[in-house]
Amino acid sequence: MFFAHLTPAEAAGLTGRYPEIVGNLDGAPLSLRFAANRARRPSDAGRQTLVYDDRGDGRIAEVLGDLETATRVVILVPGSDNELPEFDTGHGGVQRRAPAWQAGQLFDAVRATGAGSHVAVIAWLGYDAPEGLDLHAVREDRAIAGAESLRRFVDGLVLDRPDRSIVVIGHSYGSTVAGLAATHLSGQVTDLIAVGSPGMGVSSRSDLGTTAQVWACAAPGDWIRRVPGVRLLGLGHGRLPSDPEFGARPLPCGDVDGHDGYFDPRASALAAMTAVVTGNRAADKAAGHQLLSVPPAGDPR
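Scope of this entry: the structure provided in the associated data block. (Residues numbered from 1 in each chain as written. Predicted model: local features only at pLDDT ≥ 70, side-chain atom pairs only at ≥ 80, totals over all residues. Heavy atoms only, no water.)

### Regarding the overall build of the chain
Note the cut-off: Strands are runs of DSSP state E lasting at least two residues, helices are runs of H or I lasting at least four, and both sets are numbered from the N terminus onward. The reference for a compact globule is 2.2 Å times residues^0.38; the radius of gyration itself is calculated from the C-alpha atoms. The rule is simple: take the accessible area with a 1.4 Å probe, protein chains only, and divide by the maximum for that residue type; under 20% is buried, over 50% is exposed, in between is partly exposed. What makes two residues a contact is simply this: any of their non-hydrogen atoms within 4.5 Å. Surface exposure here means Shrake-Rupley accessible area, sampled with a 1.4 Å probe, where a residue is shielded only by the protein chains that are shown. Counting rule applied: Lys, Arg positive; Asp, Glu negative; His and chain ends not counted. Where a charge lies is defined by one atom per residue type: Lys uses NZ, Arg uses CZ, Asp uses CG and Glu uses CD.
The helix and strand tally for the chain stands at nine helices and eight strands. The C-alpha radius of gyration of the chain comes to 18 Å, within 12% of the 19 Å expected for a compact globule of 301 residues. Looking at the chain as a whole, 55% of its 301 residues are labelled buried. By sequence separation, contacts in the chain at least 24 residues apart represent 64% of the contacts at least 6 residues apart. Accessible area for the chain stands at about 12600 Å²; split by element, carbon and sulfur atoms hold 54% of it. The positive charge centre, built from 28 side chains, and the negative charge centre, built from 35, are 3 Å apart in the chain.

Here is the structure:
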């Protein structure tokens with residue numbers, strides 16, 4: 001690796017001169033990436049920013065937890081209508097739509113189980129998400145580009161870390177990104193979770209080409225349920241993974257409010273996702289649901 005051949009002074013000097021490169025370089029030392037992005041975003045000095053690009057709609061990834069020591073890493077991929085300026089506030093000022101808030105709810109839920117010491121959660125807006133329900137949202141061009149960025153990001157996280165397992169959670173169009181990336185992702189990705197998904201780019205779980213467990217749910221009142229589960233002439237994203245015929249393992253979400261409520265701390269979906277991340281069945285039991293056959297964290301079954 002390039003940085004391994006540099007002295008600390010040389011690495012720091014390179015980071016200072018080219019923060020926009022080092023701060024977004026998958027596989028670069030975390031301390032350098034955090035330092036580079038803090039230099040570019042001094043107002044966020046207390047945060048761990050792993051990706052930052054303010055061009056266009058922007059790109060950003062924030063880490064919650066100790067990524068240096070984490071053996072279990074969760075990557076949350078948000079969907080349409082997400083841009084850098086709304087990363088913290090949510091589209092239209094609705095906080096529960098904000099990727100940073102969603103990741104925070106998941107991280108808090110994980111820590112509440114007592115398993116947080118070895119888990120890190122990353123809110124990853126590392127692609128150009130569609131705006132609203134325009135043509136980009138029903139096509140896969142942006143998802144294809146996002147899938148390649150996600151693959152590189154995951155590769156950087158598992159570089160020289162055979163002890164680390166990864167969970168990818170895709171919300172809405174973010175699940176399409178995750179689905180198109182699935183066959184190319186590292187084998188250390190043990191679980192893919194699709195919530196409020198318009199489709200993962202395939203017609204069945206087996207077509208994803210992954211050994212990871214695949215989980216899905218769509219709330220009863222989520223408008224995404226009305227999206228046709230087709231993929232034709234470059235439009236659509238295939239069968240909805242919440243459809244039993246898709247073959248994903250179901251997550252409970254009968255009490256989720258609409259399309260953006262999956263990370264609400266009162267929702268059974270959040271407890272279930274926490275159980276998948278930690279292998280802790282107590283989380284979903286406390287929510288009044290039984291999540292069957294949750295493998296231990298890191299178990300690729």
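Moving on from the model shown.
### Notes on the packing of helix H4 (residues 99–112) against helix H8 (residues 268–278)
As a reminder, the rule being used: Axis geometry follows a simple rule: fit a line to the C-alpha atoms, using only the stretch in contact for helices, then measure angles between N-to-C directions, giving values from 0 to 180 degrees. Any angle that falls under 35 degrees is termed roughly parallel, while one over 145 is termed roughly antiparallel, one within 65 to 115 roughly perpendicular, and all others oblique. Left-handed is the label given to a crossing in which the near helix is rotated counterclockwise from the far helix by less than a right angle, and right-handed is the label when the rotation is clockwise. Put simply, Ala, Val, Leu, Ile, Met, Phe, Trp, Tyr, Cys and Pro go in the nonpolar bin, Asp, Glu, Lys and Arg in the charged bin, and everything else, Gly too, in the polar bin.
At their nearest, the axes of H4 and H8 sit 9 Å apart, and the two run at 60° to each other. As far as their axial angle goes, H8 and H4 are oblique. With respect to the hand of their crossing, H4 and H8 are arranged in right-handed fashion. Where H4 approaches H8, its residues Gln105, Leu106, Ala109 and Val110 are matched on the opposing element by Leu270, Met273, Thr274, Val277 and Thr278. Its residues placed into classes, the contact of H4 with H8 shows six nonpolar, three polar and no charged.

### Considerations on the side chain of Ser165
How we decide: Within 3.5 Å is the distance limit for a polar contact, defined as a pair of N or O atoms, with the added protein rule that one can donate a hydrogen and the other accept it, and that residues adjacent in sequence qualify only through two side-chain atoms.
One can find Ser165 in strand S5 (residues 165–171). A distance of 2.9 Å separates the side chain of Ser165 from the side chain of Arg72, its partner in a polar contact.

### What to know about helix H7 (residues 173–181)
Of all the nine residues making up H7, nine are buried; the element is thus mostly covered by neighbouring parts of the structure. Here H7 has its buried residues at Tyr173, Gly174, Ser175, Thr176, Val177, Ala178, Gly179, Leu180 and Ala181. Where the residues of H7 are buried, they touch strand S3 (72–77), helix H5 (135–138), helix H6 (141–158), S5 and strand S6 (189–195).

### A closer look at the pattern of salt bridges
This is how it is decided: Counted as salt bridges are all cases of a side-chain nitrogen of Lys or Arg within 4 Å of a carboxyl oxygen of Asp or Glu.
A full pass over the atoms with the stated rule returns 21 salt bridges. Put simply, Glu148 and Arg151 hold a salt bridge, and the shortest N to O gap is 2.6 Å. Linking Glu148 with Arg151, this pair stays in helix H6, spanning three residues, or about one helical turn. For Glu148, a relative accessible area of 33% translates into the label partly exposed. With a closest N to O distance of 2.9 Å, Arg266 and Asp264 form a salt bridge. What makes Asp264 buried here is its relative accessible area of 15%. Look at the salt bridges and you will find they share partners, linking Arg41, Asp44, Arg47, Glu62 and Asp88 into a network.

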